[in-house]
Amino acid sequence: MALASKVAQLQSKATQASEFVAKNGSLYYKQLIEQNKHHIQEPSTVEKCNLLSKQLFYTRLASIPGRYEALQKEIDYVKHMWRNRKELKLEDAGIATLFGLECFAWYCAGEIVGRGFTFTGYHV
């Protein structure tokens with residue numbers, strides 16, 4: 001019985017969402033295109049899309065050495081802080097602790113979302 005009510009509830013929400021999109025989707029699309037028309041490449045052909053895709057890929061690929069250098073600097077900074085942890089200020093330790101807690105909180109949020117917004121476990 002619970003499954004049938006969930007299905008009916010889901011159907012109701014899907015109907016509401018499709019009605020909203022049917023009513024407002026076209027207007028939203030037009031506003032979005034108008035606001036971002038300076039990003040649109042003309043002519044918008046498959047070849048142009050393939051070219052832009054390749055440009056993005058190779059641009060991101062070319063940025064790897066710079067990112068690697070930045071990563072090495074961050075690692076060196078953490079190593080330096082670890083070696084000099086006796087001189088670490090309470091403020092720096094507090095900031096590091098809060099950062100670690102924030103990372104853990106985002107991890108937990110991702111797990112909850114991945115489980116389908118349940119706290120108890122996965123639906124099996």
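Our structure is the block above this text.
Every value quoted in this text rests on a predicted model; they were computed, and no experiment measured them.

Conventions we followed
- Residues numbered from 1 in each chain as written.
- Predicted model: local features only at pLDDT ≥ 70, side-chain atom pairs only at ≥ 80, totals over all residues.
- Heavy atoms only, no water.
- Helix = DSSP H or I, 4+ residues; strand = E, 2+ residues; numbered from the N terminus.
- Rg over C-alpha atoms; globule rule 2.2 N^0.38 Å.
- Buried < 20%, exposed > 50% of the residue type's maximum accessible area, 1.4 Å probe, protein only.
- Areas by Shrake-Rupley, 256 points an atom, 1.4 Å probe, with all protein chains shown as cover.
- Lys, Arg positive; Asp, Glu negative; His and termini not counted.
- Charge placed at Lys NZ, Arg CZ, Asp CG, Glu CD.
- Patch = residues over 30% accessible without salt bridge, like charges linked within 9 Å, V, L, I, M, F, W, Y side chains within 5 Å.
- Salt bridge = Lys/Arg side-chain N within 4 Å of Asp/Glu carboxyl O.
- Expected span 1.5 Å × (residues − 1).
- Phe/Tyr/Trp six-rings, centres within 6.5 Å; stacked < 30°, edge-to-face > 60°.
- Lys NZ or Arg CZ within 6 Å of the ring centre and 35° of its normal.

1. Things to note about the overall build of the protein chain
Here is step 1 of the chain: Scanning the protein chain for helices and strands turns up four helices and zero strands.
Here is step 2 of the chain: For the protein chain, the α and β elements follow one another from N to C terminus as α-α-α-α.
Here is step 3 of the chain: The C-alpha radius of gyration computed for the protein chain amounts to 25 Å, which surpasses the reference 14 Å derived for 124 residues by more than 25%, pointing to a less compact arrangement than a globule.
Here is step 4 of the chain: Based on the C-alpha atoms only, the size of the protein chain along its principal axes is roughly 60 × 55 × 30 Å.
Here is step 5 of the chain: In the protein chain, which comprises 124 residues, the proportion classed as buried is 2%.
Here is step 6 of the chain: Here the protein chain has roughly 11800 Å² of accessible surface; of this, 65% comes from carbon and sulfur atoms.
Here is step 7 of the chain: In the protein chain, the 16 positive side-chain charges and the 12 negative ones have mean positions that sit 4 Å from each other.

2. Brief notes about the environment of D76
Here is step 1 of the chain: Mapped onto the elements of the fold, D76 is located in helix 3 (residues 64–83).
Here is step 2 of the chain: Placed 41 residues apart in sequence, D76 and F117 show a C-alpha to C-alpha distance of 39 Å.

3. Regarding a nonpolar patch on the surface
Here is step 1 of the chain: Taken together, the side chains of F57, Y58, L61 and I64 make up a nonpolar region of the molecular surface, amounting to roughly 420 Å² of accessible area.
Here is step 2 of the chain: The element that contributes the greatest number of residues to the nonpolar patch is helix 2 (residues 46–62), accounting for three residues.
Here is step 3 of the chain: Structurally, Y58 is set in helix 2.

4. Observations concerning helix 4 (residues 90–114)
Here is step 1 of the chain: Given a rise of 1.5 Å per residue, 25 residues ought to cover 36 Å, and the 36 Å separating the end C-alpha atoms of helix 4 matches this to within 8%.
Here is step 2 of the chain: One or two residues past the end of helix 4 sits G116, with phi positive at roughly 90 degrees.

5. Considerations on unusual backbone geometry
Here is step 1 of the chain: Backbone torsion omega between E42 and P43 reads -5 degrees, so that peptide bond is classified as cis.
Here is step 2 of the chain: Summarising the element assignment, P43 is placed in the loop between helix 1 (2–35) and helix 2.

6. Quick notes on the packing of aromatic side chains
Here is step 1 of the chain: Under the definition given, this model contains two aromatic pairs.
Here is step 2 of the chain: Aromatic side chains F57 and Y58 sit 4.9 Å apart centroid to centroid with 80 degrees between the ring planes, which places their arrangement in the edge-to-face category.
Here is step 3 of the chain: For F57, a relative accessible area of 48% corresponds to the partly exposed category.
Here is step 4 of the chain: Lying across the ring of W82, R85 places its NZ or CZ 4.4 Å from the centre.

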